[in-house]
Amino acid sequence: TLELAELLDLAVGDVEGVEDLGLGHLLGARLDHEDGLIGAGDDHACAVVGGAAKCWGFNDAGQLGDGAAGHSTNVPTQVHGLTTGVTAIATGTSHSCAVVAGAAKCWGQDDLGELGDDTVRSATDVPSQVHGLTSDVTAISAGDHTSCAVVAGAAKCWGWNYDGQLGNAAEVVGYSDSPVQVTG
């Protein structure tokens, strides 16, 4: 597992350059490996800062998680209800997910099951509990319209499955609105 400093080193070429980007100032805290991770989606970004989730950028589908879809902001905004216990964060095209006290939560676009909460709707602008992932979640990832998590050492995915992204050997057309076990 890469720590934040290593991830930023890969992304910007040298960790010293991070201070030049002003991320610590924008987030209101020093960004380092103790604070967690940062992710960039299609038109938004999120970070874990001091155990809290903050997001900024485009918010047409509620992907900032602040309860106010339809606006954009260039200032990191507190994700509704995720003020402590956040250990990982991931951003997809128009949705975001986090690990909070060992549970998986997602918010934003949900027309193809991206949020994994056993429903399909256009979007939600506050975090929603991923169905069945209430403990033992250690990592999370978000893609175009698919999300995955590591749960008790096993991979589970949900969302769009047009190209077999769910990895469950099911027909590669359609979606799952709740996590399925990755096979193999």
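Above this text you will find the structure in question.
Residues numbered from 1 in each chain as written. Predicted model: local features only at pLDDT ≥ 70, side-chain atom pairs only at ≥ 80, totals over all residues. Heavy atoms only, no water.

Trainee: In this structure, what is going on with the side chain of Q109? I would like to understand it.
Mentor: Topologically, Q109 is positioned in strand β7 (residues 103–109). Side-chain polar atoms of Q109 contact the side chain of D111, separated by 2.9 Å. Q109 has contacts with A61, S94, H95, E114, L115, S122, A123 and H145, leaving out every residue within four places of it along the chain. (Helix = DSSP H or I, 4+ residues; strand = E, 2+ residues; numbered from the N terminus. Polar contact = N/O pair within 3.5 Å; in protein donor to acceptor, adjacent residues only side chain to side chain. Contact = heavy atoms within 4.5 Å.)

Trainee: Explanation requested: the pairing of β7 in the structure shown.
Mentor: Walk down a regular strand and you will see the side chains alternate between the two sheet faces. With six of its seven residues buried, β7 lies for the most part within the structure. Where strand β6 (residues 95–100) meets β7, six bridges bridge the pair, whose relative direction is antiparallel. Paired with V100 across the two strands is A103, which belongs to β7. What sits between β6 and β7 in their antiparallel hairpin is a turn of two residues, with A101 showing a positive phi close to 50°. (Buried < 20%, exposed > 50% of the residue type's maximum accessible area, 1.4 Å probe, protein only. Pairing = 2+ DSSP bridges.)

Trainee: Would you take a moment to explain the side chain of T77 for this structure?
Mentor: Relative to the elements of secondary structure, T77 occurs in strand β4 (residues 73–78). Looking at T77, its side chain comes within polar contact range of the main-chain oxygen of V75, at 3.1 Å. The contact partners of T77, leaving out residues within four places of it in the chain, are A53, K54, C55 and D66.

Trainee: Explain the sheet that holds β7 to me, please; I cannot follow it from the model alone.
Mentor: Picture the strands of a sheet paired through backbone hydrogen bonds; they go either parallel or antiparallel. Taken together, the four strands give an open sheet; going across it, the order is β5-β6-β7-β8, and neighbouring strands pair in antiparallel fashion. Of all strands in the sheet, those with a lone pairing partner are β5 (86–91) and β8 (123–129), marking the two edges. This sheet shows a mean twist of 10° between the axes of neighbouring strands, independent of strand direction. Alignment of β5 against β6, held across five bridges, turns out to be antiparallel. Looking at β6, one finds that A90 is bridged to C97. (Axes fitted to C-alpha atoms, helices over the stretch in contact; angles between N-to-C directions.)

Trainee: What is the right way to look at the sheet that holds strand β1 (residues 38–40) in this model?
Mentor: Taken together, four strands build an open sheet; the order of strands is β1-β2-β3-β4 and the sheet is antiparallel. This sheet does not close on itself; its edge strands, each paired only once, are β1 and β4. Strand-to-strand twist of the sheet, defined as the mean angle between neighbouring strand axes without regard to direction, takes the value 15°. Judged from the three bridges that link them, β1 and strand β2 (residues 44–49) form a sheet pairing that is antiparallel. Bridging from a neighbouring strand, A40 pairs with A45 of β2.

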